[in-house]
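Understanding the architecture of this molecule
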Amino acid sequence: VQLVESGGGLVQPGGSLRLSCAASGFTFSNYVMSWYRQAPGPGKGRELVASIGAAGRVTNYPDSVKGRFTITRDNTKNTVALQMNSLKPEDTADYYCYVPRLDYWGQGTQVTVSS
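Rules of the game
- Residues numbered from 1 in each chain as written.
- Predicted model: local features only at pLDDT ≥ 70, side-chain atom pairs only at ≥ 80, totals over all residues.
- Heavy atoms only, no water.
- Salt bridge = Lys/Arg side-chain N within 4 Å of Asp/Glu carboxyl O.
- Helix = DSSP H or I, 4+ residues; strand = E, 2+ residues; numbered from the N terminus.
- Buried < 20%, exposed > 50% of the residue type's maximum accessible area, 1.4 Å probe, protein only.
- Pairing = 2+ DSSP bridges.
- Axes fitted to C-alpha atoms, helices over the stretch in contact; angles between N-to-C directions.
- Disulfide = S-S within 2.5 Å.

**Examining the pattern of salt bridges**
- Scanning all chains against the criterion turns up four salt bridges.
- The salt bridge involving Glu 47 is made with Arg 37; its shortest N-O contact spans 2.8 Å. Placement of Glu 47 in strand 5 (residues 46-52) and of Arg 37 in strand 4 (residues 33-38) is noted, with a sequence separation of 10 residues between them.
- In this structure Arg 37 comes out as buried when scored by relative accessible area, which is 7%.
- Among the salt bridges present, the one from Asp 91 reaches Arg 37, with a minimum N-O distance of 2.9 Å. Here the residue Asp 91 occupies a position in the loop between strand 8 (79-84) and strand 9 (93-99), and Arg 37 occupies one in strand 4, the gap between them amounting to 54 residues.
- Linked by salt bridges that have partners in common, Arg 37, Glu 47, Arg 68 and Asp 91 make up one network.

Written out as structure tokens, the structure reads:
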């Protein structure tokens, strides 16, 4: 199993970023996919920011990102994306792609929201 995230970087408050996760080594279209994040600092655990069902029809977001983040997937390309709009400084974190049923994490990509 391999998950490779890309698309992180530095963005100003109010800006947008699109993260992508390329998956391989498992039957991608059979699995729920999720994005988590971990903010910098001690005691900061990983927080779910979005999940998407295997067929791509069902999505789930916490209130902290609802209306600003959108998760999508392409089962023909084995990719899952996270479009992040109206970014805030509190969105600064390492973002991870995750396969819940396999309990498998990507290596993460860093997002910094700062002026």
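Continuing now.
**Quick notes on the sheet that holds strand 7 (residues 69-74)**
- Spatial ordering of the open sheet is given by 1-3-8-7, a layout of four strands whose pairing is antiparallel. At either margin of the open sheet sits one strand with a lone partner, and together these are strand 1 (2-6) and strand 7. The mean angle between the axes of side-by-side strands here comes to 15°, regardless of whether they run parallel or antiparallel.
- Of the strand pairs in this sheet, strand 7 and strand 8 are connected by six bridges, and their pairing is antiparallel. Of the residues in strand 8, the one forming a bridge with Phe 69 is Met 84.

**A look at the state of the cysteines**
- Applying the stated criterion across every chain, the model contains one disulfide.
- Through a disulfide, Cys 21 is tied to Cys 97; the S-S separation comes to 2.2 Å. Its S-S torsion of approximately -85° makes the covalent link between Cys 21 and Cys 97 left-handed. Linking Cys 21 in strand 3 (residues 17-24) with Cys 97 in strand 9, this pair joins segments that are 76 residues apart in sequence. The pair formed by Cys 21 and Cys 97 is uniform in burial state, with each residue classed as buried.

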